[in-house]
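Single-letter residue listing:
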Amino acid sequence: MPTVPPTNAEPLRADSARVRARMLRAARERLAAGDLELPMNAIAKAAGVGVGTVYRHFPSRQALLEALAAERFALLVDVAERAAVGPDVAAELARLLRAALEHQRADPALAAVLAEPDAARPETRELGEALTAAVERLLERARATGVIRPEITAGNLQALFCGLQHTVRVGGGTGTDRYIDILLRGLRA
């Protein structure tokens, strides 16, 4: 998976971009092994850099998680934006829930970032705002057509994204369609 450089900063020098990519690769390997703690010392050692270098690029564990999740988060925002204008509101809502679940299951960093109420990086705040806006547009259409109850908000749905992922993960990855169906029935007007 390609890395997504910071968008609010000057482009990285080639050597700095290579070091950043090594750190992100080391962090992804730890995530793939089930380590969500991402100790900065271990990331530095695996990337062959000093821990100060890791902290210069990623001032906190949350900033590192957000950098890891940026690409997948952007893909989820794209799905939400397409769902917001899709022809069949109910089908688009179900598609968005499935996509949110799939993206979180494929990327534990995204699941952790979506579960966190505050963002460490401006880029993540922008993605969060774009996701909320797209989800709200979809929900406005869904409320207007009677697909969902009027009190359901984008914040509610985003919290349900996280809860759905946790439920499926705890259940061993089975029952995805069943859980999505239960959730959709609970949202109905």
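Definitions and limits used
Residues numbered from 1 in each chain as written. Predicted model: local features only at pLDDT ≥ 70, side-chain atom pairs only at ≥ 80, totals over all residues. Heavy atoms only, no water. Helix = DSSP H or I, 4+ residues; strand = E, 2+ residues; numbered from the N terminus. Rg over C-alpha atoms; globule rule 2.2 N^0.38 Å. Contact = heavy atoms within 4.5 Å. Areas by Shrake-Rupley, 256 points an atom, 1.4 Å probe, with all protein chains shown as cover. Lys, Arg positive; Asp, Glu negative; His and termini not counted. Charge placed at Lys NZ, Arg CZ, Asp CG, Glu CD. Core = buried A, V, L, I, M, F, W, Y, C linked by side-chain atoms within 4.5 Å. Buried < 20%, exposed > 50% of the residue type's maximum accessible area, 1.4 Å probe, protein only. Expected span 1.5 Å × (residues − 1). Arc of directions from axis to C-beta. pLDDT = per-residue confidence, 0-100. Axes fitted to C-alpha atoms, helices over the stretch in contact; angles between N-to-C directions. Parallel < 35°, antiparallel > 145°, perpendicular 65-115°, else oblique. Left-handed = near helix turned anticlockwise from the far one by under 90°. Nonpolar A, V, L, I, M, F, W, Y, C, P; charged D, E, K, R; others polar. Polar contact = N/O pair within 3.5 Å; in protein donor to acceptor, adjacent residues only side chain to side chain.

1. Overview of the overall build of the protein
1) Next: Per the secondary structure count, the protein includes nine helices and zero strands.
2) Next: Element order for the protein, N to C, with α for helix and β for strand: α-α-α-α-α-α-α-α-α.
3) Next: A compact globule built from 189 residues would reach a C-alpha radius of gyration of about 16 Å, and the protein, at 18 Å, matches this within 12%.
4) Next: Projected onto its principal axes, the C-alpha coordinates of the protein cover approximately 55 × 35 × 25 Å.
5) Next: Nonlocal contacts in the protein, meaning residues at least 24 apart in sequence, comprise 68% of its contacts between residues at least 6 apart.
6) Next: Counting every atom, the protein has about 9600 Å² of accessible surface; 55% of that belongs to carbon and sulfur.
7) Next: The average position of the 25 basic charges and that of the 23 acidic charges among the side chains of the protein differ by 5 Å.

2. Things to note about the nonpolar core
Soluble, globular proteins show a tendency: their nonpolar side chains are buried together.
1) Next: Core analysis: the biggest nonpolar cluster contains 57 residues, and Leu 64, Leu 96, Leu 131 and Val 135 have the highest contact counts within it.
2) Next: Listing elements by their share of this core, those giving two or more residues are α1 (14-32), α2 (40-47), α4 (61-85), α5 (89-106), α6 (108-115), α7 (122-144), α8 (154-170) and α9 (176-187).
3) Next: Residue contributions to this core peak at twelve residues, all from α4.

3. Looking at α8
1) Next: For α8, with 17 residues, the first-to-last C-alpha span of 24 Å sits near the 24 Å given by 1.5 Å per residue.
2) Next: Looking only at α8, the buried set comprises Ala 154, Leu 157, Gln 158, Phe 161, Cys 162, Leu 164, Gln 165 and Val 168. Seen end-on, α8 carries its buried residues on one side only, within an arc spanning 155°.
3) Next: Along its buried surface, α8 packs onto α5, α6, α7 and α9.
4) Next: Gly 172 sits one or two positions beyond α8 and adopts a positive phi of about 80°.

4. With respect to the confidence of the model for the protein
1) Next: Residues at a pLDDT of 70 or more form 94% of the protein, whose mean pLDDT is 89.
2) Next: A low-confidence stretch, residues 1-7 stays under pLDDT 50, and its non-local contacts, those more than four residues away or across chains, total 17 contacts.

5. A look at the packing of α1 against α2
1) Next: Look at α1 against α2: their axes get within 8 Å of each other, and the N-to-C directions meet at 120°. The orientation of α1 relative to α2 falls into the category oblique. Our pair here, α1 against α2, has a crossing hand that is right-handed. Contacts between α1 and α2 involve Arg 22, Met 23, Ala 26, Ala 27 and Arg 30 from the former and Ala 42, Ile 43, Ala 46 and Ala 47 from the latter.
2) Next: Residue composition of the contact of α1 with α2, grouped by class: seven nonpolar, no polar and two charged.

6. Observations concerning the environment of Leu 131
1) Next: Looking at where Leu 131 falls in the secondary structure, it is placed in helix α7.
2) Next: Sequence separation between Leu 131 and His 103 is 28 residues; the distance between their C-alpha atoms is 14 Å.

7. Examining unusual backbone geometry
1) Next: In this model, Leu 38 sits at a positive phi of 45°, which is unusual for a non-glycine residue.
2) Next: Along the chain, Leu 38 falls in the loop between α1 and α2.
3) Next: Assessed through its relative accessible area of 1%, Leu 38 is described here as buried.

8. A look at the environment of Thr 53
1) Next: Within the secondary structure, Thr 53 is located in helix α3 (residues 51-57).
2) Next: Residues Thr 53 and Leu 184, spaced 131 residues apart in sequence, show a C-alpha to C-alpha distance of 46 Å.
3) Next: Setting aside chain neighbours within four positions, we find Thr 53 in contact with Val 19 and Met 23.
4) Next: At 2.9 Å, the side chain of Thr 53 and the side chain of Arg 56 are in polar contact.

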